Amino acid sequence: MDDLTAFLDGDRLDDVAIYVADSFFDGDHPLSAAGIAVDGGVVVVVPGETGREAFADSTGLDPMAFAKQAMDRTGEIDDRLAGGACPDAEEPATDDHHTEFIFAFAEAENQEVGGLYAEGDVIHAYAHCACGTDFSQKWLADPDT
């Protein structure tokens, strides 16, 4: 099982996942060699603090401030973290609307919180579109994938 599958299954609760679109970086970038190739980019899964630092270094954004801002808008994020659908895009989508990067983490099942959290581990994903829109989605980790 690769790191991304383990993360999405809820087996790496202390780690973060970062997706970066091929179009976000010019040429070679260290994340490209360190990650798992997905359609249109790369995803790296790394220990939490290292991942937060890598996200900040790569995007210039504090990951938790970015997540807080993206929380205000719901959109669709690929279940393998390979991009997403900007909630501001009109059909058909244009080149102005493609996901440049995603920051994701998993939260353990929590019966006391209730709702989705009582059903199992939850994946939180926060995306940034080329148009400037930040958005988020959360879903249950799927250990059966």
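Just above, that's the structure.
A.B. asks: What should I look at first to understand unusual backbone geometry in this one?
C.D. replies: Glycine aside, residues mostly have negative phi angles, and peptide bonds mostly take the trans form. A positive phi is found at L81, a non-glycine position, where the angle reads about 65 degrees. The residue L81 is located in the loop between β4 (76-77) and β5 (84-85) in this model. Relative accessible area serves as the criterion here: at 0%, L81 is assigned to the buried category.

A.B. asks: Quick question: what am I supposed to make of the pairing of strand β3 (residues 41-47) here?
C.D. replies: Residues in a regular strand project their side chains so that they alternate between the two faces of the sheet. In terms of burial, β3 is a largely internal element, five of the seven residues being buried. Of the pairings in the sheet, the one linking strand β2 (residues 36-38) to β3 comprises three bridges and is antiparallel in character. Bridging across to β3, V38 finds its partner in G41. Connecting the antiparallel pair β2 and β3 is a turn made up of two residues, with G40 showing a positive phi of about 85 degrees.

A.B. asks: When you look at the packing of aromatic side chains in this model, what are you seeing that I'm missing?
C.D. replies: Given two aromatic rings, their pairing is described by the distance between the two centres and the angle made by the two planes. Inspection of every chain in the model, using the stated rule, returns six aromatic pairs. Both rings, one in F55 and one in F101, keep their centres 5.6 Å apart while their planes meet at 75 degrees; by these two values the pair is edge-to-face. In this pair, F55 sits in helix α3 (residues 48-59) while F101 sits in strand β6 (residues 99-107), placing the two residues 46 residues apart along the sequence. An identical accessibility class is assigned to F55 and F101; each is buried. Ring plane angle 55 degrees and centroid distance 6.5 Å describe the contact between F103 and F105, whose orientation is recorded as tilted. Grouping residues by exposure puts F103 and F105 together as buried. One aromatic cluster is present, formed by F55, F66, F101, F103, F105 and Y126 through successive ring pairs.

A.B. asks: What's the story with the pattern of salt bridges in this structure? I'm lost.
C.D. replies: Side chains bearing opposite charge may pair, as long as their charged atoms lie close to each other. A complete count under the given rule lists five salt bridges for this structure. Between D2 and R80 there is a salt bridge, with its nearest N and O atoms 3.9 Å apart. Of this pair, D2 sits in the segment before α1 (3-8) while R80 is found in the loop between β4 and β5, placing the two residues 78 residues apart along the sequence. The salt bridge partner of E49 is R52, with a shortest N-O separation of 3.3 Å. Of this pair, E49 and R52 both sit in helix α3, separated by three residues, roughly a single helical turn. We classify E49 as partly exposed; its relative accessible area is 47%. What makes R52 partly exposed here is its relative accessible area of 29%.

A.B. asks: Would you explain helix α4 (residues 63-70) in this entry?
C.D. replies: Given 3.6 residues to a turn, an α-helix orients residues that are three or four positions apart in the same direction. By the burial criterion, the buried members of α4 are P63, F66, A67 and A70. Projected onto a plane normal to the axis of α4, the buried residues spread over an arc of 100 degrees and lie on a single side. Along its buried surface, α4 packs onto α3, β6, β7 (122-129) and β8 (134-140).

Thresholds, definitions, all that
- Residues numbered from 1 in each chain as written.
- Predicted model: local features only at pLDDT ≥ 70, side-chain atom pairs only at ≥ 80, totals over all residues.
- Heavy atoms only, no water.
- Helix = DSSP H or I, 4+ residues; strand = E, 2+ residues; numbered from the N terminus.
- Buried < 20%, exposed > 50% of the residue type's maximum accessible area, 1.4 Å probe, protein only.
- Pairing = 2+ DSSP bridges.
- Phe/Tyr/Trp six-rings, centres within 6.5 Å; stacked < 30°, edge-to-face > 60°.
- Salt bridge = Lys/Arg side-chain N within 4 Å of Asp/Glu carboxyl O.
- Arc of directions from axis to C-beta.
- Contact = heavy atoms within 4.5 Å.

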